[in-house]
Amino acid sequence: MFPEPVLLRAKEEFLDWQGCGLSVLAMSHRGKEFISIAEKSEQDLRQLLAIPANYKVLFLQGGASSQFAMVPLNLLGQKSTANYVCTGAWSDKAIQEAQKFCRVHIAASSRDTGFKHIPNPHDWDICKDAAYLHYTSNETIGGVEFHYVPDVDGMPLISDMSSNILSEPIDINQFGLIYAGAQKNMGPAGIAVVIVREDLLGNTPSTIPTMYDLLAHAKSGSMLNTPATYNWYLMGLVFEWLIDRGGVEALEVSNKRKAEKLYRVIDDSGFYTNPVDPSGRSRMNIPFLLAETSLEKTFLSEATKENLVALEGHRSVGGMRASIYNAMPEEGVDALIGFMIEFERCYG
Ligand SMILES: *Cc1c(COP(=O)(O)O)cnc(C)c1O
């Protein structure tokens, strides 16, 4: 979902941004109007996540997927090994890409349970002579989420937070680099955020293609080439909306409540099931199965009639999935719950 107040504001400002006579779409990215938009959005993100001054914040194209390559390209330094934790489809993709650039050491994996849990931190086997450890804090497809930050004993910790960034407060100091595509929890598709500790950049001797060079992006204020200006602007509006709603602390409370309600309905029924171990359940993406697979189509079509849409599970896993990101109001979850109870009554 996209927050409605943001859409309304964008609509209002579409033809003429704050009386300057220009649409954001027509602005030069180097003009003072757009520079002010860019600076404000960075400030607001810094405020939301309490990002310390020694971290750079980058607004890049290429989605989270480009970071699968940019992380090893930029952070390997003199090392040839990197630790990866494998908890599902997205960490798998990050691993496959990293394997093009380095030796990937799998420090932990939950493949043995079909990615239904978060590996117990006591069982991890971290390679000490590696450049960093990478993990996916929320597996969007499988609906498994870390509810703690892995302890890596000073090694740079890298996290793909595409689907849970800004859903709760985090301590940025625990991370070397965080990246996230905007389209799940921050804004429109087409822009990604990278938050990186300054001292980690510029230590890799090999020649990195300029557009893949995080230091070059950092030095140019994410304006190495023309950035995705309109997406950047929209994301800035989402940040303002999040601040108005009380910031990530307030969102965490609401996100917890939304997820707990939905899991309760699933767990209390003999009709719906969630396959994930309770300690690793995602607050953002809640997959569920119906007692009878043959009812899935009926479930989806009946749901659509109630304006409950986008409930199909990812095509790779099937079943249902409710993605209840920050922009999903509690009433949206209540409506889904009401529908699920009624559907079970009719078909269960
Ligand atoms: C969606 C997603 C990605 C891919 O994002 P793109 O911006 O499409 O490249 C990567 N990681 C996670 C966890 C995701 O949810």
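Keep in mind it's a predicted model, so treat the numbers as computed, not measured.

Here is what the cut-offs are and how they apply
Residues numbered from 1 in each chain as written. Predicted model: local features only at pLDDT ≥ 70, side-chain atom pairs only at ≥ 80, totals over all residues. Heavy atoms only, no water. Core = buried A, V, L, I, M, F, W, Y, C linked by side-chain atoms within 4.5 Å. Buried < 20%, exposed > 50% of the residue type's maximum accessible area, 1.4 Å probe, protein only. Helix = DSSP H or I, 4+ residues; strand = E, 2+ residues; numbered from the N terminus. Pairing = 2+ DSSP bridges. Patch = residues over 30% accessible without salt bridge, like charges linked within 9 Å, V, L, I, M, F, W, Y side chains within 5 Å. Areas by Shrake-Rupley, 256 points an atom, 1.4 Å probe, with all protein chains shown as cover. Salt bridge = Lys/Arg side-chain N within 4 Å of Asp/Glu carboxyl O. Axes fitted to C-alpha atoms, helices over the stretch in contact; angles between N-to-C directions. Parallel < 35°, antiparallel > 145°, perpendicular 65-115°, else oblique. Left-handed = near helix turned anticlockwise from the far one by under 90°. Contact = heavy atoms within 4.5 Å. Near = heavy atom within 4 Å. Polar contact = N/O pair within 3.5 Å; in protein donor to acceptor, adjacent residues only side chain to side chain. Nonpolar A, V, L, I, M, F, W, Y, C, P; charged D, E, K, R; others polar.

Enquirer: Can you break down the nonpolar core residue by residue, with the values?
Expert: Core analysis: the biggest nonpolar cluster contains 56 residues, and Leu49, Leu133, Leu166, Met186, Tyr233 and Phe239 have the highest contact counts within it. With 10 residues, helix H6 (residues 229-244) is the single largest residue contributor to this core. Core analysis: the next-biggest nonpolar cluster, separate from the first, contains 28 residues, Val71, Cys102, Val104 and Leu214 among them.

Enquirer: Describe in detail unusual backbone geometry, supporting the description with residues and values.
Expert: The phi torsion at Asp153 lies on the positive side, around 55°, for a residue other than glycine. Relative to the helices and strands, Asp153 resides in the loop between strand E6 (144-145) and strand E7 (157-160). Phi angles above zero are rare outside glycine, and Ala310 is one such case at about 60°. Within the secondary structure layout, Ala310 lies in the loop between helix H8 (296-305) and strand E12 (320-323). Using a relative accessible area of 69% as the deciding quantity, one classes Ala310 as exposed.

Enquirer: I'd like to hear about the pairing of strand E8 (residues 177-181), residue by residue, with values.
Expert: The two faces of a sheet get side chains in turn, since along a regular strand they alternate between them. Counting buried positions along E8 gives 5 out of 5 residues, so the element sits mostly inside the fold. Here E8 shows a buried face lined by Leu177, Tyr179 and Gly181 and a second buried face lined by Ile178 and Ala180. Pairing geometry for E8 and strand E9 (residues 192-197), over 5 bridges, is antiparallel. From the neighbouring strand, Gly181 faces E9, where its bridge partner is Ala192.

Enquirer: Can you lay out a nonpolar patch on the surface for me, pointing to particular residues and giving the numbers?
Expert: Among the surface-exposed residues, Phe14, Leu15 and Leu25 lie close enough to one another that they form a single nonpolar patch of about 340 Å² accessible area. Looking at where Phe14 falls in the secondary structure, it is placed in the loop between helix H1 (4-13) and helix H2 (32-49).

Enquirer: Quick one: what's the story with the packing of helix H3 (residues 63-75) against helix H4 (residues 89-98), residue by residue and with numbers?
Expert: Look at H3 against H4: their axes get within 8 Å of each other, and the N-to-C directions meet at 45°. Taken together, the axes of H3 and H4 lie oblique to each other. Viewed along their axes, H3 and H4 form a crossing whose handedness is right-handed. Across the interface between the two elements, Phe68, Ala69 and Pro72 from H3 touch Trp90, Lys93, Ala94, Glu97 and Ala98 from H4.

Enquirer: How would you explain the sheet that holds strand E2 (residues 81-86) if you had to name every residue and give the values?
Expert: Strand pairing in a sheet relies on backbone hydrogen bonds. The paired strands run either parallel or antiparallel. With mixed pairing, the 7 strands of this open sheet are ordered in space as E1-E9-E8-E7-E4-E2-E3. In this open sheet, the two edge strands, each paired with only one partner strand, are strand E1 (55-60) and strand E3 (103-109). Strand-to-strand twist in this sheet, taken as the mean axis angle between neighbours without regard to direction, amounts to 20°. Pairing geometry for E7 and E8, over 3 bridges, is parallel.

Enquirer: Can you tell me about the sheet that holds strand E10 (residues 272-273), naming the residues and giving the values?
Expert: If you trace the 3 strands from one edge of the open sheet to the other, you get E10-E11-E12, paired in antiparallel fashion. Every interior strand has two partners, whereas the edge strands, E10 and E12, have only one. With 4 bridges connecting them, strand E11 (residues 285-290) and E12 associate as antiparallel partners. In the sheet register, Ile286 faces E12, and the bridge partner there is Ala322. Contacting E10, E11 and E12, helix H7 (residues 247-268) runs over the sheet at an angle of about 15° to E11.

Enquirer: Describe the site of the ligand, and please don't skip the residues or the numbers.
Expert: Neighbouring the ligand are 13 residues; Ser65, Thr140, Asp160, Gln183 and Lys184 lie closest to it. One nitrogen or oxygen atom from the side chain of Gln183 is found 2.9 Å from an oxygen atom belonging to the ligand. Protein burial of the ligand: of its 390 Å² of free accessible surface, 88% is covered by the chains. In terms of residue count, the dominant contributor to the shell around the ligand is H3 (4 residues). Along the lines of polarity and charge, the residues of the shell around the ligand split into 3 nonpolar, 8 polar and 2 charged.

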